[in-house]
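Per-entry structural report
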Amino acid sequence: MLNFILRRILISVPTLLLVSVMVFGLLKLLPGDPALALAGQEPDPAVIEFLRTKYGLDRPLPVQYAKWLGSVLQGDFGLSIRTRLPIGEMIVQKLPVTLQLSLQAMLIALLIGIPAGVFAAIRRGTPVDYIVSLIGLGGLSIPSFWLGIMLILLFAVSLGWLPSGGYVGFFESPLDNLRYTLMPSIVLGTAAAAIVMRHTRSSMIAVLKQDYVRTARAKGLRERIVVTRHALRNGLIPVVTTSTLHLGELLSGAVLTEQVFGIPGFGKMIVDGVFSRDYAVVQAVVMCSALIFLLLSLIADIAYVILSPRLRS
Amino acid sequence: MSGQASPRPAARGGTRRSGVRRALSHPSTMIGGTLVAFFVLVAIFAPLIAPFDPNASDWLGVRQAPSAQHWFGTDDLGRDVLSRVIFGSRASLAAGIVAVTIAISIGVPLGLVAGYFGGVIDAVISRFTDALLAVPFLVLAIALAAFLGPSLQNAMIAIGISAMPVFIRLTRGQVLSIKNEDYITAVRALGVRDRNIILAHVLPNVLAPIVVQVTITMAVAVLAEASLAFLGLGQRPPAPSWGSMLDIARQFLTEAPWMAVWPGLAIIAIVLGFNLLGDGLNDTLTSQSEDS
C-alpha cells in the first residue's frame, strides 16, 4: 500500500509542475505590461517600476518562473493588492469556510443521491426510474446561482426563516453557523446529489446483475436484504471514489454560491481577486484548487484500493 | 465538468445509419432535441418574435409585474424581460457553439495524435491534459476570462479551453481501444500514410462518443457562460444575457422577483434539453457496438 501511495504521489508531481507553468503563464495573457495591471486602477510610474523590479518582470521568463515557483513552494504567494495581507494567510483563513460548505453539501448529496439512485436501480425501466432520472438530470441543469436566488426569495424574503446572506463562524455560534450555511449547502449539494444519484444508479444496476446477487436471491433472501447487505456494499465503492473526486468540483460551485450568499470563503476570494485586478490572488486560488484536486484524487484512489477486495488482495 | 460520454467503441459500417435512426427515436433524444431546436429557432428569429426592443428603456414602466403587455414583466430600466430572455438565447447558444468548436478543434486532433502515435507525444499531451483537468472547470474558466478581460468573446475562449481536456482524454481513450484492431493493422500493412489512416479509418470510428460529449459539453458551456456573465465576466450590459440578467435581478429580489425567475427557467430548459439529448445519444449511439 505504501508503495502504491508513494507511486501515486510521484505521478502527481509532474502534473502539479505543469499546473504551475500554466498558472504562471496566466499572467502573460494580460494585455500589455503585467506590472501596469498589478499596479491597480491609477498606477504611479514609480510603483510600476518598483513592481517590475520586485517581481523580476525585467528578467527572462524561465528566471521569472523559477523565482515564482521557489516562493510558491514555500507557501509564499505574495501580498494581496486589495487587502495588503499575505495571500497564503488569506487562503488559510478562507479555505476552512469553503471546506465546511463543501462537506455539508456532500452530506446532503449522499443523503439524497444514494437512496434515490438505489431506488431507481431496483425499479429500472419503470416510471419511477424515469422520474428519478429526470429529476437527477434536472438537478444537473439548474444553475446554482439561480437556485440560490430562489431559495433566498422563499426562505429569507417571503418566510423570513433563514438569513439571506453572510456568515458566522462555527466556533462563534454553532447554531447561527448552521442557519447561515444551510441554504448555501443545499444549493451546492443539489447538483452533487444528482451526480451521486446517477453514479449510484448505474453502479447498482451493474452490481445487481452479478452472479453473487443472483445466488443470494436464489437462496431465498428477501429483496431488501439482497440489496442492502449484498449489492449496496459493492455498488457504493465507485460512488465513494467519485464523491471524493467531486468534492474538488464543489470548489467550482462554491465560487458562485459564496458570491450569491456573501460568504467570505475560498470561492469568493477568486471573484474578489478578479474584480480588484488582484491577479496574484487569482493565481494562488487556481494553484491551490489544483493541489486540492490532486490530493482528493489521491485519496479517491487509495479509498478505491482499500474498499475493493479484488484490488486489495 | 461533471458529465462525460461513455467511452465505448463506436459502431461501424451499416449499423451507423440504423443507430442514428434509433437515437432519434429515443424519448430523451426527442424531448431534448425538441427543447434545443426550440431555443435555436428562438435565437434565429429573435427580432421577429420579441415584442419589444430588448435594450429599449421605459422610465415610466420600471419594474412592472407581468401583465398582458409585458408577459414576463419589466426590469429595473423598464426593459421588457420577455424580449431580453428571447435575445439572451443568442449569447447562450453562441457561447455553447463557439466554446465547443474550440474544444473539439483542439481537443480531438490532440487526442487522435496522442492515442495513435503513443510514446513521447502521448506522454506530453497526457500530462498537459492531466494538468488542465486538475483545475476545477469553472475556476479555470474564471481565471482565463479574468486574465483575458471580461467580454462574451473571451468567455467563449475561456470555456472552450476549459472544456478541451475532456475531448483529448475521450478521443485518446477511443483511439487506444481501436488502434490495434485488424482493419487498422490491415491498412497500415498496405502502406497507407498515418495521416490518412487517422482521418479515414480512426476518426469515423471514434466519432459516436465525441458526438455525445459535444451535447453534454454544450450544456456545460451554456451553464458556464451564464455563470461567467453572472459574475460580470461574460456578455457586457446592456446586451442581454441570462446570467447578467440574473445578476441585476438579485438586487431587486423583494421589489421585482419576476426579474429573477424567467432567465433562470430559460437556462434550466436549454441545459436540460442538451443533457437529455446527450443522455439519449449516449444510450443509443455508444451502445450500438454492444448490440451489433
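Quantities reported herein were computed from a predicted structural model and do not represent experimental measurements.

**Description of the overall build of chain A**
Looking only at helices and strands, one finds 14 helices and zero strands in chain A. In sequence order, the secondary structure elements of chain A are arranged as α-α-α-α-α-α-α-α-α-α-α-α-α-α. Principal axes of the C-alpha set define a box for chain A whose edges measure 85 × 55 × 35 Å.

**Observations regarding the overall build of chain B**
Tallying secondary structure elements over chain B gives twelve helices and zero strands in all. Secondary structure elements of chain B, listed N to C terminal, follow the sequence α-α-α-α-α-α-α-α-α-α-α-α. Each principal axis of the C-alpha atoms in chain B carries an extent, and together these give about 75 × 45 × 25 Å. Looking at chain B as a whole, 54% of its 292 residues are labelled buried. Looking at chain B alone, contacts between residues at least 24 apart form 75% of all its contacts between residues at least 6 apart.

**Here we look at the packing of helix H5 (residues 87-122) of chain A against helix H6 (residues 127-141) of chain A**
Residues and elements named next belong to chain A. In contact at an axis separation of 8 Å, H5 and H6 are set at 145° when each is read in the N-to-C sense. As H5 runs across H6, the sense of the crossing is left-handed. Taken together, the residues of H6 that come into contact with H5 (itself represented by Ala116, Phe119 and Ala120) are Val128, Asp129, Val132 and Ser133. Here the contact of H5 with H6 is composed, by residue class, of five nonpolar, one polar and one charged.

**A word on the interface of chain B and chain A**
At the interface, 39 residues of chain B touch 39 residues of chain A. Listed by contribution, the elements that provide at least two residues to the side of chain B that touches chain A are helix H5 (119-134), helix H6 (137-148), helix H9 (194-230) and helix H11 (258-284) of chain B. Looking at the side of chain B that touches chain A residue by residue, the class counts come to 29 nonpolar, six polar and four charged.

**Description of the packing of helix H11 (residues 237-261) of chain A against helix H13 (residues 279-307) of chain A**
Residue and element names in this part refer to chain A. Look at H11 against H13: their axes get within 9 Å of each other, and the N-to-C directions meet at 175°. Comparing the axis directions of H11 and H13 gives the class roughly antiparallel. Side by side, H11 and H13 meet where Ile237, Val240, Thr241, Thr244, Leu245, Leu247, Gly248 and Leu251 of the first sit next to Ser289, Ile292, Phe293, Leu296, Ser297, Ile299, Ala300, Ala303, Tyr304 and Leu307 of the second. Looking at the contact of H11 with H13 residue by residue, the classes come out as 13 nonpolar, five polar and no charged.

**Describing the UniProt feature "domain: ABC transmembrane type-1" (unreviewed entry) in chain A**
As recorded in UniProt, the sites labelled "domain: ABC transmembrane type-1" (unreviewed entry) are residues 95-304 of chain A. The span residues 95-304 of chain A carries 83% helix and 0% strand; its end-to-end C-alpha distance comes to 26 Å.

**A short note on the environment of B:Ile97**
Tracing the backbone shows B:Ile97 in helix H4 (residues 81-117). For the pair B:Ile97 and B:Gly273, spaced 176 residues apart in sequence, the C-alpha to C-alpha distance is 15 Å.

**Some details on the nonpolar core**
Of all hydrophobic cores here, the largest spans 170 residues; its most connected members are B:Val139, B:Ala141, B:Ile142 and B:Val222. Looking at this core, the element that brings in the most residues is H9(B), giving 19 residues. Structurally, this core is a two-domain feature, drawing no fewer than three residues from each of domain 1 (1-74) and domain 2 (96-311) of chain A.

**Looking at unusual backbone geometry**
B:Pro237 connects to B:Pro238 through a cis peptide bond whose omega is 10°. Examined against the element boundaries, B:Pro238 turns out to sit in the loop between H9 and helix H10 (242-249).

**Details of H5(A)**
Counted at 1.5 Å a residue, the expected span for H5(A) with its 36 residues is 52 Å, and the 50 Å between its end C-alpha atoms agrees. At A:Lys94, H5(A) shows its largest bend, some 30°, and a proline, A:Pro96, comes one to four positions later.

**Topic: the UniProt feature "transmembrane region" (unreviewed entry) in chain A**
Residue and element names in this part refer to chain A. Per the UniProt record, "transmembrane region" (unreviewed entry) is annotated on residues 9-27, 101-122, 134-158, 178-197 and 279-307. The annotated region residues 9-27 carries 100% helix and 0% strand content, and the separation between its end C-alpha atoms amounts to 28 Å. Taken end to end, residues 134-158 is 92% helix and 0% strand, and its first and last C-alpha atoms sit 29 Å apart.

**Quick look at the domain arrangement of chain A**
All names here are of chain A. Each domain of chain A was delimited in the assignment, giving domain 1 (1-74) and domain 2 (96-311). Centre-to-centre, using C-alpha coordinates, domain 1 lies 33 Å away from domain 2. In this assembly, 16 residues from domain 1 lie in contact with twelve residues from domain 2. Of all the secondary-structure elements, those providing two or more residues to the side of domain 1 that touches domain 2 are helix H1 (2-29) and helix H2 (34-38). Partitioning the side of domain 1 that touches domain 2 into residue classes produces eleven nonpolar, four polar and one charged.

**Thoughts on the confidence of the model for chain B**
For chain B, per-residue confidence averages 89 on the pLDDT scale, and 91% of positions sit at 70 or higher. ipTM for the predicted complex: 0.87, alongside a pTM of 0.88.

**Regarding helix H8 (residues 182-189) of chain B**
Little of H8(B) sits inside the fold, with zero of its eight residues counted as buried. Just beyond H8(B), the residue with positive phi is B:Gly191, at close to 85°.

**Considerations on the environment of B:Arg169**
All names here are of chain B. Tracing the chain through its elements places Arg169 in helix H7 (residues 152-178). Residue Arg169 is classed as buried on the basis of its C-beta count, with 24 C-beta atoms lying within 10 Å. Residues Arg169 and Arg79, spaced 90 residues apart in sequence, show a C-alpha to C-alpha distance of 45 Å. Contact partners of Arg169, with chain neighbours within four places excluded, come to Gly111 and Thr129.

**Describing the environment of A:Tyr304**
Note that A:Tyr304 resides in helix H13. Measuring from C-alpha to C-alpha, the distance between A:Tyr304 and A:Leu110 comes to 17 Å, with 194 residues separating the pair along the chain.

How each quantity is defined
Residues numbered from 1 in each chain as written. Chains lettered and ligands numbered in written order. Predicted model: local features only at pLDDT ≥ 70, side-chain atom pairs only at ≥ 80, totals over all residues. Helix = DSSP H or I, 4+ residues; strand = E, 2+ residues; numbered from the N terminus. Buried ≥ 20, exposed ≤ 12 C-beta atoms within 10 Å, placed from the backbone. Contact = placed C-beta atoms within 7 Å. Axes fitted to C-alpha atoms, helices over the stretch in contact; angles between N-to-C directions. Left-handed = near helix turned anticlockwise from the far one by under 90°. Nonpolar A, V, L, I, M, F, W, Y, C, P; charged D, E, K, R; others polar. Parallel < 35°, antiparallel > 145°, perpendicular 65-115°, else oblique. UniProt positions renumbered as here; feature names shortened; annotations may be inferred. Core = buried A, V, L, I, M, F, W, Y, C linked by C-beta atoms within 7 Å. Domains from an automatic or database assignment. Expected span 1.5 Å × (residues − 1). Bend = angle between axes of the 7 residues up to and from the residue. pLDDT = per-residue confidence, 0-100.

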